[in-house]
Amino acid sequence: MAPIRSRRAVALRIVSVGGGAVLVGVFVAWLVLRQNDAIRPIVAMDSALGWVAQIGAYLVLMAGVALLAHGVFGRSTDEPSS
C-alpha cells in the first residue's frame, strides 16, 4: 500500500506542477509573441536585446521543466528511502 502523503507534500507537488506548467506556457507564449511583426525587429537575433530575450526564454523553459519533473517524479521528504 502506498504511504499516505502529508497535506504539505501534496500541496508542494501541486504547486510545482502548476508553476512548471505556467512557465512552459510563458515560453510557448514568447515563441508566438516574437513572431509578431511589431515585435520581431526589436527582438531580432542580430541585436543584444534579442539574445538576452532568447536566453531568458530558454531559462524560463528549463525552470518550468525542472519544476514539472520535481512535481511528478520527486520524492517527498516524508517517504522512507529504500
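Note that this is a predicted model, so its numbers are computed, not measured.

> Before we go on, may I ask you to explain the overall build of the protein in this structure?
Counting its regular elements, the protein contains 2 helices and 0 strands. Here the protein holds 82 residues, and the buried ones make up 17% of them. Across the protein, every contact between residues at least 6 apart in sequence was considered, and the portion connecting residues at least 24 apart equals 73%. Accessible area of the protein: about 6,100 Å², with a carbon and sulfur share of 72%.

> What is the right way to read the packing of aromatic side chains from this model?
Two numbers describe a pair of aromatic rings. These are the distance of the centres and the angle of the planes. Inspection of every chain in the model, using the stated rule, returns 1 aromatic pair. With centroids separated by 5.4 Å and ring planes inclined at 45°, the aromatic side chains of Phe27 and Tyr58 adopt a geometry described as tilted. Separated by 31 residues along the polypeptide, Phe27 in helix 1 (residues 7–33) and Tyr58 in helix 2 (residues 48–73) bring together distant segments of the chain. The class of Phe27 is buried, set by a relative accessible area of 8%.

> Hey, could you run me through the environment of His70 in this one?
Inspection of the secondary structure assignment puts His70 in helix 2. For His70, a relative accessible area of 42% gives the class partly exposed. Along the primary structure His70 and Arg13 are separated by 57 residues, whereas in three dimensions their C-alpha atoms are 7.7 Å apart. Those residues in contact with His70 that lie beyond four places of it in its chain are Leu12 and Ser16.

What counts, and where the lines are drawn
- Residues numbered from 1 in each chain as written.
- Predicted model: local features only at pLDDT ≥ 70, side-chain atom pairs only at ≥ 80, totals over all residues.
- Heavy atoms only, no water.
- Helix = DSSP H or I, 4+ residues; strand = E, 2+ residues; numbered from the N terminus.
- Buried < 20%, exposed > 50% of the residue type's maximum accessible area, 1.4 Å probe, protein only.
- Contact = heavy atoms within 4.5 Å.
- Areas by Shrake-Rupley, 256 points an atom, 1.4 Å probe, with all protein chains shown as cover.
- Phe/Tyr/Trp six-rings, centres within 6.5 Å; stacked < 30°, edge-to-face > 60°.

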